[in-house]
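The chain contents come next:
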Amino acid sequence: MGDSNGPREAVTKSSTAKRRDPYEVLQVPRDATDQQIKTAYRKMALKLHPDKNANNPEAAELFKEVAYSYGILSDPEKRRQYDTAGFEAVDLDGLDMELDLSNLGTVNTMFAALFSKLGVPIKTSISANVLEDALNGTVTIRPLPLGRPVSDKVEKQGAHFFSVTISDSQAEAGVVVRVTSVAQSKFKLLYFEQEENGSLGLALQAFPKEDSVKTGKVTSAGMYFLHFQVYRLDPTVNALAMAKDPDAAFFKKLEGLQPCEMSQLKAGTHIFAVYGDNFFKSASYTIEAICAESFKEAAEKLKEVEAQILAKRNELHEFEVEYREVLARFATVTSRYSQEKQAVDDLIKQREKIQETFSASSLTKKTSNSSSPRANGVDGEEESTSAKDESQPENKDKTSKKKWFNFKVEKNLF
């Protein structure tokens with residue numbers, strides 16, 4: 001075991017040694033606030049985005065480094081782990097890379113689409129053109145009144161922007177924004193923060209975007225601002241481990257449950273966008289914003305279920321340990337069961353053979369065998385003599401025939 005893990009551990013340590021300090025990469029102090037980290041990432045990501053640096057491979061690598069660094073510093077737990085013990089303490093498996101479809105190329109896009117069709121969760125990034133247009137305030141924003149769904153079709157790697165205006169009472173009651181697609185299109189639901197200068201900045205919080213997931217016969221994504229903690233289930237978390245271990249598909253299923261930091265909206269106007277995330281074609285969708293005032297019962301049920309799912313995730317952590325121990329014990333017991341079964345079968349067969357010897361026929365056979373010439377110590381000489389005697393008449397016939405034949409020949413000679 002130690003030898004098999006050695007090279008892998010060496011590679012991990014080697015790659016870890018080459019990584020730069022996330023604070024250095026984002027050019028922020030170690031005591032930087034979440035807002036400072038978010039702003040620094042936003043500026044550097046736009047500057048180094050592959051869309052703008054198609055012929056600059058170094059920029060692409062820097063973009064990955066910036067995204068990786070932000071993945072650590074934007075997550076409170078991973079930031080705490082890094083601050084305490086560096087990269088070695090950070091759960092690297094939880095840091096996912098995203099594909100930029102606008103810069104992927106036709107062949108690679110086809111492969112990505114194929115894997116997605118087979119059920120492999122693939123994370124995709126938002127086009128830099130969309131982010132830059134939003135940051136520059138050059139996008140068209142349509143009003144989305146509460147309770148009035150809007151249906152449309154957005155081009156791949158494009159976005160439609162909507163403004164939702166809510167009052168104090170509506171903000172207090174809670175708001176839900178949902179997008180569905182009966183065509184099962186892939187899309188993202190984005191929330192943008194409106195800056196003082198009128199530009200839009202993607203709300204780079206724990207989950208700035210909601211990727212569509214298949215629910216029944218449609219794909220859907222939603223944001224729930226209901227004044228209690230809401231979680232989203234990210235299917236890409238531990239996807240590799242789940243593919244390798246069938247049992248992990250169950251135990252790790254709730255590992256992708258992550259808290260959404262935004263649990264409420266203030267009164268005023270808020271900007272949302274539907275981003276086309278299909279690989280080759282435009283995405284059909286319907287978006288609607290709902291005031292939760294008329295859905296109090298549903299909101300309470302959702303709150304209860306969210307808490308139950310979170311508790312179930314913690315229970316599964318403990319149950320997995322117990323299950324693995326029992327499974328290992330079961331494997332040992334099963335192996336012994338096969339060995340013991342074979343041993344019992346062999347003993348029974350051995351006993352049956354011994355029992356068969358207790359019979360008159362077996363005794364007679366034994367006596368007969370003991371009285372045979374060989375059994376009595378005769379060296380076989382008599383047997384050989386007898387066989388010789390039995391063969392004499394045949395020899396006589398041969399002799400007489402020979403004499404008769406010789407006689408005939410002699411007679412003819414005269």
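Criteria and thresholds
- Residues numbered from 1 in each chain as written.
- Predicted model: local features only at pLDDT ≥ 70, side-chain atom pairs only at ≥ 80, totals over all residues.
- Heavy atoms only, no water.
- Helix = DSSP H or I, 4+ residues; strand = E, 2+ residues; numbered from the N terminus.
- Buried < 20%, exposed > 50% of the residue type's maximum accessible area, 1.4 Å probe, protein only.
- Contact = heavy atoms within 4.5 Å.
- Areas by Shrake-Rupley, 256 points an atom, 1.4 Å probe, with all protein chains shown as cover.
- Salt bridge = Lys/Arg side-chain N within 4 Å of Asp/Glu carboxyl O.
- Core = buried A, V, L, I, M, F, W, Y, C linked by side-chain atoms within 4.5 Å.
- Expected span 1.5 Å × (residues − 1).
- Polar contact = N/O pair within 3.5 Å; in protein donor to acceptor, adjacent residues only side chain to side chain.
- pLDDT = per-residue confidence, 0-100.
- Axes fitted to C-alpha atoms, helices over the stretch in contact; angles between N-to-C directions.
- Parallel < 35°, antiparallel > 145°, perpendicular 65-115°, else oblique.
- Left-handed = near helix turned anticlockwise from the far one by under 90°.
- Nonpolar A, V, L, I, M, F, W, Y, C, P; charged D, E, K, R; others polar.
- Pairing = 2+ DSSP bridges.
- Phe/Tyr/Trp six-rings, centres within 6.5 Å; stacked < 30°, edge-to-face > 60°.

### Focus: the overall build of the chain
Consideration 1: Of the regular secondary structure elements, the chain holds 14 helices and 13 strands.
Consideration 2: With 414 residues in all, the chain has 31% of them scored as buried.
Consideration 3: Put simply, of all contacts in the chain between residues at least 6 apart along the chain, 74% involve residues at least 24 apart.
Consideration 4: Split by element, the accessible area of the chain, about 26600 Å² in all, is 54% carbon and sulfur.

### Notes on the pattern of salt bridges
Consideration 1: Enumeration over the complete set of coordinates arrives at 16 salt bridges.
Consideration 2: Among the salt bridges present, the one from Arg-79 reaches Asp-34, with a minimum N-O distance of 3.9 Å. Remark: Asp-34 occurs in helix H3 (residues 34–48) and Arg-79 occurs in helix H5 (residues 76–85); sequence separation between them is 45 residues.
Consideration 3: A single salt-bridge network, built from bridges that share partners, covers Lys-188, Glu-210, Asp-211, Arg-232 and Asp-277.

### Some points on the nonpolar core
Note that soluble globular proteins tend to have their nonpolar side chains buried in a common cluster.
Consideration 1: By size, the foremost hydrophobic cluster in this structure holds 22 residues, and its most contacted members are Leu-189, Phe-272, Val-274 and Ile-287.
Consideration 2: Secondary structure elements with two or more residues in this core: strand S3 (159–166), strand S4 (175–181), strand S5 (187–194), strand S9 (218–225), strand S12 (268–276) and strand S13 (283–291).
Consideration 3: Looking at this core element by element, the count peaks at four residues for S13.
Consideration 4: Counting 21 residues, the second largest nonpolar core, distinct from the first, contains Ile-37, Ala-40, Leu-48 and Tyr-82.

### Overview of the environment of Ile-72
Consideration 1: With respect to the helices, strands and loops of the structure, Ile-72 is situated in helix H4 (residues 57–73).
Consideration 2: A C-alpha to C-alpha distance of 7.7 Å links Ile-72 and Tyr-82, two positions ten residues apart in sequence.

### Quick notes on unusual backbone geometry
Consideration 1: If you check the backbone angles, Gln-184 has positive phi at about 60 degrees while not being a glycine.
Consideration 2: Looking at the element boundaries, Gln-184 is found in the loop between S4 and S5.
Consideration 3: Since its relative accessible area comes to 36%, Gln-184 is described here as partly exposed.
Consideration 4: The phi dihedral of His-227 is positive, around 70 degrees, even though this residue is not glycine.
Consideration 5: Inspection of the secondary structure assignment puts His-227 in the loop between S9 and strand S10 (231–233).
Consideration 6: Under the relative-accessibility criterion, His-227 is labelled partly exposed at 34%.

### Remarks on helix H11 (residues 296–356)
Consideration 1: In a regular helix each residue adds 1.5 Å, so 61 residues correspond to 90 Å; H11 covers 83 Å between its end C-alpha atoms and thus fits that length.
Consideration 2: When we look at burial in H11, the residues that qualify are Ala-299, Glu-306, Arg-313, Leu-316 and Glu-320.
Consideration 3: Packing partners of the buried residues in H11 comprise S10, helix H10 (248–251) and strand S11 (257–259).

### What about the environment of Asp-152?
Consideration 1: Among the secondary structure elements, Asp-152 is positioned in strand S2 (residues 150–154).
Consideration 2: When the C-alpha atoms of Asp-152 and Ala-283 are compared, they prove to be 8.4 Å apart, with 131 residues separating the residues in sequence.
Consideration 3: If we ignore the near neighbours within four places in the chain, the residues touching Asp-152 are Arg-142, His-160, Ala-283, Ser-284 and Tyr-285.
Consideration 4: Among the polar contacts made by the side chain of Asp-152, one reaches the side chain of Arg-142 at a distance of 3.0 Å.

### Considering the confidence of the model for the chain
Consideration 1: Predicted confidence across the chain gives a mean pLDDT of 76, with 68% of residues reaching 70 or more.
Consideration 2: Under a pLDDT of 50 for its full length, residues 93–121 has, in the predicted model, 54 contacts with residues more than four places off or in other chains.
Consideration 3: Of the regions scoring below 50 in pLDDT, residues 399–414 engages in zero contacts with residues more than four places distant in sequence or in other chains.

### Quick word on the packing of H3 against H4
Consideration 1: Across the interface, H3 lies against H4 with an axial gap of 9 Å and an inter-helix angle of 160 degrees. It follows from the interaxial angle that H3 and H4 lie roughly antiparallel. Handedness of the H3/H4 crossing: left-handed. For the pair formed by H3 and H4, the contact residues are Ile-37, Lys-38, Tyr-41, Met-44, Ala-45 and Leu-48 on the first element and Ala-59, Leu-62, Phe-63, Val-66, Ala-67, Tyr-70 and Leu-73 on the second.
Consideration 2: Along the lines of polarity and charge, the residues of the contact of H3 with H4 split into twelve nonpolar, no polar and one charged.

### Considerations on the side chain of Thr-219
Consideration 1: Relative to the helices and strands, Thr-219 is located in strand S9.
Consideration 2: Separated by 2.7 Å, the side chain of Thr-219 and the backbone oxygen of Ser-185 make a polar contact.
Consideration 3: Excluding its chain neighbours within four sequence positions, the residues that come into contact with Thr-219 are Val-179, Thr-180, Ser-181, Gln-184, Ser-185, Phe-187, Ser-212, Val-213 and Lys-214.

### Examining the sheet that holds S4
Consideration 1: Judged by pairing direction, the sheet is antiparallel, and its five strands sit side by side in the order S2-S13-S4-S9-S8 without closing on themselves. Unpaired on one side and paired on the other, S2 and strand S8 (213–215) mark the two borders of the sheet. Across this sheet, the average inter-strand angle for adjacent strands is 35 degrees, counted without regard to direction.
Consideration 2: Both S4 and S13 contribute to a ladder of six bridges, which runs antiparallel. Within S13, the position partnered with Arg-178 by the bridge is Glu-288.

### Structural notes on the packing of aromatic side chains
Consideration 1: Enumeration over the complete set of coordinates arrives at twelve aromatic pairs.
Consideration 2: When the centroid spacing of 5.2 Å and the interplanar angle of 50 degrees are considered together, the rings of Phe-251 and Tyr-323 count as tilted. Of this pair, Phe-251 sits in helix H10 while Tyr-323 sits in helix H11, placing them 72 residues apart in sequence.
Consideration 3: When the centroid spacing of 6.2 Å and the interplanar angle of 55 degrees are considered together, the rings of Phe-319 and Tyr-323 count as tilted. Here the residue Phe-319 and the residue Tyr-323 both occupy positions in helix H11, the gap between them amounting to four residues, near one helical turn.
Consideration 4: Residue classification places Phe-319 among the partly exposed residues on the basis of a relative accessible area of 37%.

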